[in-house]
Amino acid sequence: MVVLLSSLPATQSLTLCHRVVDGLCGQEPPRLEDYSTTWSLKEWQELLHSLTAFFRLAAGNNSSDEEVLAGLSDVSSSHAETVLTVLKGRREEIRSALLDRTNSISSATLQDFDWQLKLALSSDKISSLHTPLLSLSLDVRENGALRPITMEMNREELNTLISSLEAANKVVLQLK
Amino acid sequence: MEEVDKILIHTLKQVGTEVSEEVNSVKQFTSELIVEAVVRCIRVIDPGLGSALPTSLPPGMSARFRVGMSLAQACQDIGYKGEIGYQTFLYSNEPEIRSLLMFLVERLPRESAETSDQPTGKSVVLQRAIAAAIKAQLAVPWLPPNCRLPLHGETQSPGGLHSFHVQPLSLPHCTKGPTKKELIDYQRDILPPVTAQPSSHASVVASILEQHTAELSAAQEWDSEWNSQGLVSRLTPQEYRSRKLTRLRKRAEEQLRSAALPSAESAFGGPRSTSDLSELLQAFRGSAPADQVLTKGSHFTHTQKFTFTQEAAAVTSPIPTGRQSEGDVQLRQEEELASLQQQFQQLCTDVDQLTADMKHMGVTNTQVLDELKQRELGNTEEEERMQVKKKTIDLLPDADNNLVKFQAQVEASAKRVLHLASQWEKHRAPLIEEHRTLKEICSNQDLESSRKLSEIKTLHDKIRVSTEEAKKKEEIYKQLVTELENLPQDASRSAYTQRILEIVSNIKKQKEEITKILSDTKELQKEINNLTGKLDRTFAVTDELVFKDAKKDESVRKSYKYLAALHENCNHLIQTIEDTGTILREIRDLEEQIETEHGNKTVANLERILDDYKAIRQENSALAAKVREG
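About the criteria used
Residues numbered from 1 in each chain as written. Chains lettered and ligands numbered in written order. Predicted model: local features only at pLDDT ≥ 70, side-chain atom pairs only at ≥ 80, totals over all residues. UniProt positions renumbered as here; feature names shortened; annotations may be inferred. Helix = DSSP H or I, 4+ residues; strand = E, 2+ residues; numbered from the N terminus. Buried ≥ 20, exposed ≤ 12 C-beta atoms within 10 Å, placed from the backbone. Contact = placed C-beta atoms within 7 Å. Nonpolar A, V, L, I, M, F, W, Y, C, P; charged D, E, K, R; others polar. Pairing = 2+ DSSP bridges. Axes fitted to C-alpha atoms, helices over the stretch in contact; angles between N-to-C directions. pLDDT = per-residue confidence, 0-100.

In the annotation of an unreviewed UniProt entry, chain B is listed under the name Coiled-coil domain-containing protein 22 and assigned to Scomber scombrus. UniProt, in its Sequence similarities (unreviewed entry) section for chain B, records the words "Belongs to the CCDC22 family."

As annotated in an unreviewed UniProt entry, chain A carries the name COMM domain-containing protein 8 and comes from Scomber scombrus.

Let us look at the overall build of chain A. On a plain count of helices and strands, chain A comes out with five helices and three strands. For chain A, the N- to C-terminal ordering of α and β elements is α-α-α-α-β-β-β-α. Expressed as a percentage of its 176 residues, the buried residues of chain A come to 19%. Nonlocal contacts in chain A, meaning residues at least 24 apart in sequence, comprise 56% of its contacts between residues at least 6 apart.

The helix and strand tally for chain B stands at 19 helices and zero strands. Relative to its full complement of 630 residues, chain B shows a buried share of 7%. Considering only contacts in chain B between residues 6 or more positions apart, those separated by 24 or more positions represent 48%.

Take the interface of chain A and chain B next. Across the contact, 34 residues belong to chain A and 33 residues belong to chain B. Tallying contributions element by element places helix 4 (residues 77–103) of chain A first for the side of chain A that touches chain B, with eight residues. In terms of residue class, the side of chain A that touches chain B is made up of seven nonpolar, 16 polar and 11 charged.

Moving on to the sheet that holds strand 2 (residues 131–142) of chain A. Residue and element names in this part refer to chain A. Taking strand neighbours across the sheet as the criterion, the three strands line up as 1-2-3 in an open arrangement whose pairing is antiparallel. This sheet does not close on itself; its edge strands, each paired only once, are strand 1 (108–120) and strand 3 (145–153). Taking each pair of neighbouring strands and ignoring which way they run, the sheet shows an average axis angle of 15 degrees. Note: strand 1 against strand 2, 12 bridges, orientation antiparallel. If you follow A120 over to strand 2, its bridge partner there is T131.

Residue and element names in this part refer to chain B. The pLDDT averaged across chain B works out to 81; a share of 83% of its residues lies at or above 70. Per-element confidence in chain B ranges from a low mean pLDDT of 45 for helix 14 (residues 298–316) to a high of 93 for helix 16 (residues 399–486). Confidence drops under a pLDDT of 50 for residues 112–117, and excluding neighbours within four residues, the segment shows three contacts in the predicted structure. Scoring of the predicted complex yields 0.42 for pTM and 0.79 for ipTM.

So, in structure tokens, the structure goes:
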């Protein structure tokens, strides 16, 4: 329902479209609070969905300007023009975001990771331990839900992990 | 004394006393400095005792006096045997202060010496530093956020607890290729600054770091790949990239095809063939599911959704026609559902059958087409053969003539062939020559380029090796610098030991000299004794001889008298010389004493004492006046 965009003046709709593309590329999407006077929640969601889908489709199919304008035939020409400029300007970004999405096509993907190196100086039994410990936290996206995984490893365990990851990397390199 | 003072000042500085640079001997110590130094030493030696003492002198005279008394008491408690009192601190004299400070410095715990004896590796130093820092942090009590001072911020604020969350950033320089006007407009007018892009402020740094690391690693990977494979392939970077892209595409397609074949058949029961790969990809690309990550079964869910909605549409249409009871409606719905399902199943089976038929038909069709082609080939062959035979039959009637003609023709054609061959040879020779030269040039160029390639490779290797070496050397340099920073203590220590050894050798020399002088004196003593003995004996003999003659002769008696007088006078003389010696020694002693007394700054100290006395009296009178007023 891109038609809903018509209730916003063209200049504001430009920023909105850019924010929608931001959301598409993994940044913060626009919030309803900023536009609550213009649309209801349902309308907002519809608009957001349709805009996102439109951008995605247009960038993914690499459609020409005429095709895009044809897809926006139900919106006023100035708004359609706005959407087109946004699309033109950020086609590459949307494309890379889509490529990223395609890249992570599997049941679980690594979204983000963080590590901390800790040095255990002593324990309750041993006064001087000096054992390095690595606590690794992985943000894994599994079926759309973010699942944090945290583990702590000593040197041997870390070596095992690294060697297995290297073996996996080798398999990936063979695919190239 | 200078060495001792240096050591003392160095140690006092280590204890924490602020000794200014100009002060380089105990002589220059002021009362304040002495008090501070002594208090700091006592605090290190015995924290319980030292904590009660102030490090600076109070302004009031009586209070100063009291501080001096308590300090003296503390020193005696620690075990100082020498003479000590408030005057030691307030009206200092050099030797006393020196001996007191030496005593205190000797009593200082030997921690620093022990630690410097331990091996000072880089890791040991680091671990010790970490342990010390953690100990210090554990000693700091936890405070609620409102009471925190800046010094707690480092360890207790939640700032360190932010986990490393990355969000994608949009940076102008990342977009490659020809920049469009719309893009520039966007970057100029709408794109927020990078610090405003992430949703939470904490992830700004993480995001930027991540972005840069990603770019850097990509560049490095490309660099290494280009150096290892790209250069050898002798293509421009763009060509290499496009070639790799097509190769990867092909590979991915193959992989997908092989992976999609069994899974598709198992998931959809066989009706789907591999031909719909593009359709599958289309589904991946076109579908816009709400969740962010595409799941594997998306196509399946997609089709399911599609059929389901159709059904629903079909079901909902007849409902509003009549207003039956709910049961009826349900019944009807179920019936309909059952029938529809049946239909659906039937359709499915039909489709299956049809596809199987189609496959069969396709196979037979290709077979028939093959057969057709073969037949056509056979036909053309037969036709050719037939034409040849036809011609021979045409030529048969006038056989001889035709034979001659044929022979002539054959000869002519043979000649022509020979001519052509010679011509060909003529053409061929220069062409072959050219080909050879070109080949040679080519191989030369190949050689050259491969040589250059190998040169480039070696250069790259060299660059890498030298950068690594530079890094290593830099690290070593850093390590050495840290070691150097830790060194001065040890250096002074070795200097001190050297100094001590020198002093010891000096002392040995002096001892030798002393023993020499002692033996000299002994010899002298011996000689003196000898001489006195000789003298005594000679005197006794002379005395006797002269005494004997004296009874007879008057002049001899006179000479005897003279002899006695001479002897006595000589004795007196010796006595006087000895007395002068002792007096000289006494004088020297006294001079030394005067010197030491001068060193004690007695006059100045007396003046100060008088001043202080006046000050105390003033204070006392002021206090008395206050009391009277009160």
